[in-house]
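# Structural characterization, general
Here is what each chain is made of, one letter per residue.
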Amino acid sequence: MDPVVIPILVAAIVVVFLVAATVRIVPQARRYNIERFGRYRRTLQPGLNFVVPVADRVNTKLDVREQVYSSAPKPVITEDNLVVNIDTVLYYQITDPRAAAYEVADYLHAIDQLTVTTLRNVIGSMDLEETLTSREEINARLRAVLDDATGKWGIRVNRVEIKAIDPPATIKEAMEKQMRAERDKRAAILHAEGERQAKILTAEGTKQKDILEAQGTQQAMILRADGEAKAVERVFQAVHRNNADPKILAYKYLETLPHLAKSDNNTFWVIPGELTEAVRAVTSAFGDRSTMGLPGSAQPDEATTTTDADGTSDEGGAPELEAASSLSLDAAAAAAEVAKQADAVVSDAKAEAEAARASQVPGRGQTSGD
């Protein structure tokens, strides 16, 4: 081999070594702490960096991104002397690589121990129920203490979260029973409220139904009374307008007498004193008063005669029904004749009334009598 080539090769190797030792490429989100002869010199930023070979060396490589640290469950005693296991999650970020490397030996272990001591101080002033319901307060107090303590270490604690709080098994069982009792209580209350509302709505519906039925009955009675009043008014107007004959009025009077005794509850019935006058008016239509056996000088009995259903008369001087048996056979025959010829009298009266109406209203044709 040529003796000149060997020095050249050696020189090339030395140059390559020096270049490799001089150039340092730092990835993004990384920081390298450089020491020169064992003393901190500077922190390399991401990109291409140059150092002094042999004199400078990389001491620590740190990741400045936000990181998550989950600690193991730690036993903590509450104010009411119950031991609970609390598991925390820590979100932190390195802001000063030099302080993180030289101010604390193991920042993760230091943060973990600081979290435990802070938790014991915070939880020790709370009972179990307050501990379970005050996670936001515990997180805020933990973050304030950790952020203040880790600031000089070049670390910023962004967030602290309590991942789990595990009370003892007996406490869990008691809490489950309490929650079950609370749910049963709420269910009973809701059921009672539902029944109460149902009863109220049913009562209101019944009330509205009764009111509507009463209003309907009232309206029906009013309409029925109005109809009867109009009917009576029309009958009255028809009677006065047509100038009805007294014979028709007397016959109608006799026609209403049977309605007095139609009810089954009647124990006595009344014979008005105007009965004889009505009979006389009807029989006078035939012009034969002598055959009825009624004396012409007899005056209508103005007193009302009441007779019980069994034929006995009330006290008060009224003549008894049994006196009617003293009528002669001629009077009975006349009464029968009156009954037979009553329809003819009514027909004649209607014809006369129709003729009178036609004469009073010119141009109006005759209509069949109702």
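Above this text you will find the structure in question.
These numbers were taken from a predicted model, which means no experiment stands behind them. (Residues numbered from 1 in each chain as written. Predicted model: local features only at pLDDT ≥ 70, side-chain atom pairs only at ≥ 80, totals over all residues. Heavy atoms only, no water.)

The helix and strand tally for the protein chain stands at nine helices and eleven strands. Looking at the protein chain as a whole, 24% of its 370 residues are labelled buried. (Helix = DSSP H or I, 4+ residues; strand = E, 2+ residues; numbered from the N terminus. Buried < 20%, exposed > 50% of the residue type's maximum accessible area, 1.4 Å probe, protein only.)

Moving on, we come to the sheet that holds strand β3 (residues 39-44). Strand order in this open sheet of three strands is β3-β2-β5, and the pairing throughout is antiparallel. With partners counted over all chains shown, the strands left at the sheet margins are β3 and β5 (56-63), one partner each. Here the strands of the sheet are splayed against their neighbours by 25° on average, with no regard to which way each runs. Relative to β5, strand β2 (residues 30-36) runs antiparallel, the two being bridged by seven bridges. Following the sheet pairing, R31 is matched in β5 by L62. (Pairing = 2+ DSSP bridges. Axes fitted to C-alpha atoms, helices over the stretch in contact; angles between N-to-C directions.)

This next bit is on the pattern of salt bridges. Scanning the model with the defined rule gives ten salt bridges in all. A salt bridge links D56 to R36; the shortest N-O distance between them is 2.5 Å. With D56 in strand β5 and R36 in strand β2, this pair connects stretches of sequence that are 20 residues apart. By relative accessible area, D56 is classed as buried at 7%. (Salt bridge = Lys/Arg side-chain N within 4 Å of Asp/Glu carboxyl O.)

Right, let's talk about the environment of S134 for a bit. Along the polypeptide, S134 turns up in the loop between α4 (128-133) and α5 (135-150). Separated by eleven residues in the primary sequence, S134 and I123 have C-alpha atoms spaced 9.9 Å apart.

On to the nonpolar core. Among the nonpolar cores identified, the biggest contains 28 residues, and I86, L90, I138 and I155 are the most heavily contacted of them. Put simply, the parts of the chain that give this core at least two residues each are β8 (83-94), α3 (107-123), α5 and β9 (155-166). With seven residues, the top contributor of residues to this core is α3. The contacts of I138, once residues within four sequence positions are left out, are L119, V122, I123, M126, T131 and I162. With five residues, the next largest nonpolar core counts Y32, I34, L44 and V51 among its residues. (Core = buried A, V, L, I, M, F, W, Y, C linked by side-chain atoms within 4.5 Å. Contact = heavy atoms within 4.5 Å.)

We now examine the pairing of strand β7 (residues 74-77). Only one face of β7 is buried, namely the one carrying K74 and V76, since none of P75 and I77 on the opposite face is buried. Note that β7 and β8 share four bridges and pair antiparallel. Its bridge partner being in β8, V76 is matched across the sheet by V84. A loop of five residues connects β7 with β8, the two strands running antiparallel in sequence, and N81 in this loop sits at a positive phi of about 60°.

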